[in-house]
Structure formats: structure tokens, C-alpha cells
Amino acid sequence: MMGSRDDYTSKEAKLINQAKRELANGMDKDPVEKLRLMCYAKGAKGILGLARAFRNMDRNGDKLLHEEEFVDGIKQAGLPLNADESKYMFRRFDENSKGCVHMDEFLNKLRPTINKSRFDLIERAFQKMDRSGDGMITAKDLKNVYTVKYHPKYLSGELTEKEILGRFLEHFDTSCGIHDGKVSKEDFLNYYATISASIDSDAYFDLIMRQSYKL
């Protein structure tokens, strides 16, 4: 489940480098595309980090981001926009001039498009991990799915079961300082949507997901 991360590390690095080149070329870009490239430049955790930062800003749970929350979320996610640029981008996303942006609609525009077969694989993997069915993956869920007793670092005494399971959850930790040991379905989708964007072949993406999660 964890070892095949190495299989797409080089493809993720290629996506990061390509995004950085496109951002540096000085050409005018659509705000959505520019923000997406900035997220890509941070790798698989870029869009995930922004989504978590926005969720953290949404203190009343209405999924509506006002300008100050939007600007603070961009800053917390570590994206290279100054306050004026963030405010300009907010106004571009606030299409109806209501003074707020709906978080889900915004992220749906930002997240790379995934075809049905890839989406189904990501969903199946999440459902397999979420043994409790509460919409969150936790260490407790993983204990029921992933056996550590054959893990070489467990056998050598280098890592405990808790540490090994924690390493899976660390894939979804972000640079915005949110480390709660939980992975929501949205987090999982945001993460693998970027992985998907780095892989052209449906067959290869299928192979990686099946090997990673023993589907």
C-alpha cells in the first residue's frame, strides 16, 4: 500500500517542474489556471493543502469563503500570492458579486478533471480504507486493513505499528500546519487528482492504485 509511492515520485517531480516553468514564462493566465499551477508547483499536496486551509478558515461550516477568509487561506497554504493578487483572484471567482465564494464550487474548478474510471478507482480505494464508514480514514481504520507484522521495519524493531500506520496518514499532511491524523474523502480525492494529472496513461494509473491499495 505504501511502497508504490516511489512509482509516481518521478512523475510528480515532472509535474512540479513543468508547473514552475509555466509560471515563470510571464504569459497572462486565467486565474484558475494560475492558481492550479501554483498548487501543482507544490506537488500532490498543493491542492490538498489549499482545500484544508480553506476548510480551516470556514469556522461556521457554511462553506462560504468571504474575501478575508479567502486571502488568509491562500496565505496559510503557502501559495506565492500577495494580498492584492489574492483579492483580485477572489473577485474573479466571485462571479455573482455576492461577496463570497462557495468552497466546493471553487475547488471543483481548481481540481484537475478526472475521468470516471479513475474517479471510481480513487473512490474504491477510499472506501476500502474507511472501514468505519464515517467518511474519514484514521489509524484505527488502517489497523483493520493493513497488517504490519511482515513490514521489515516492524520486524527489525525500527518502527512501531503506530508509526508505520502514521506514515500512511503523513502522505496527506500539508504544509499549512494542519496535521490531525484524519483523511477525509475530499482530501483523498484532492491528493489523487493531482497524482492523476501527472500520469497520462489510464492503465498506469489503474496499476498504481490497484498495487497501492490491493484493489
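Residues numbered from 1 in each chain as written. Predicted model: local features only at pLDDT ≥ 70, side-chain atom pairs only at ≥ 80, totals over all residues. Heavy atoms only, no water.

Taking an unreviewed UniProt entry as the reference, the protein chain is identified by name as EF-hand domain-containing protein belonging to Glossina austeni.

**Describing helix α5 (residues 83-93)**
For clarity, the threshold we go by: Remark: exposure states derive from per-residue accessible area (1.4 Å probe, protein chains only) relative to the maximum for the residue type, with buried under 20%, exposed over 50%, and partly exposed in between. The numbering of helices and of strands both runs from the N terminus, where a helix is a DSSP run of H or I of at least 4 residues and a strand a run of E of at least 2. The arc under discussion is defined with respect to the helix axis, by the directions toward the C-beta atoms. Residue contacts follow a heavy-atom distance rule, with two residues in contact if any of their heavy atoms lie within 4.5 Å.
Of all the residues in α5, the buried ones are Ser86, Met89, Phe90 and Phe93. All buried residues of α5 lie within an arc of 105 degrees about the axis, which places them on one face of the element. Those residues of α5 that are exposed and aimed more than 90 degrees away from the buried face are Asp84 and Arg91. Of the surrounding elements, those touching the buried residues of α5 are α2 (31-40), β1 (64-66), α4 (67-76), β2 (100-102) and α6 (103-110).

**A look at the packing of helix α11 (residues 185-197) against helix α12 (residues 202-213)**
For clarity, the threshold we go by: Structural elements are reduced to axes, namely lines fitted to C-alpha atoms, with helices fitted over the stretch in contact, and the angle between N-to-C directions of any two is expressed from 0 to 180 degrees. Roughly parallel here means an angle under 35 degrees, roughly antiparallel means over 145, roughly perpendicular means 65 to 115, and every remaining angle is called oblique. For a crossing to be left-handed, the near helix must be turned anticlockwise from the far one by less than a right angle; the clockwise case is right-handed.
In the contact formed by α11 and α12, the axes pass within 11 Å of each other and the chain directions differ by 135 degrees. One finds that α11 runs oblique with respect to α12. The interaxial crossing formed by α11 with α12 has right-handed handedness. Taken together, the residues of α12 that come into contact with α11 (itself represented by Phe188, Tyr192, Ile195 and Ser196) are Phe205, Met209 and Tyr213.

**Focus on the nonpolar core**
Spelled out, the test is: Only buried residues count toward a nonpolar core. Its members are Ala, Val, Leu, Ile, Met, Phe, Trp, Tyr and Cys residues joined through side-chain atoms within 4.5 Å.
In terms of nonpolar packing, the biggest core is built from 29 residues, with Leu35, Leu50 and Phe106 touching the most fellow members. When residues of this core are traced back to their parent elements, those giving at least two are α1 (5-24), α2, α3 (45-57), α4, α5 and α6. With 26 residues, the next largest nonpolar core counts Ala125, Met129, Leu169 and Tyr213 among its residues.

**A few points about the domain arrangement of the protein chain**
What counts, and what does not: Domain delimitation follows an automatic or database domain assignment. What counts as buried area is the accessible surface, traced by a 1.4 Å probe, that two parts surrender upon association, with contributions from both included.
By the assigned domains, the protein chain splits into domain 1 (6-110) and domain 2 (116-213). Using only C-alpha atoms to locate each centre, domain 1 and domain 2 end up separated by 23 Å. Contact with domain 1, which involves 22 residues of that partner, is made by 25 residues of domain 2. Taking both sides of the interface into account, the surface hidden between domain 1 and domain 2 amounts to around 2,000 Å²; carbon and sulfur atoms contribute 57%.

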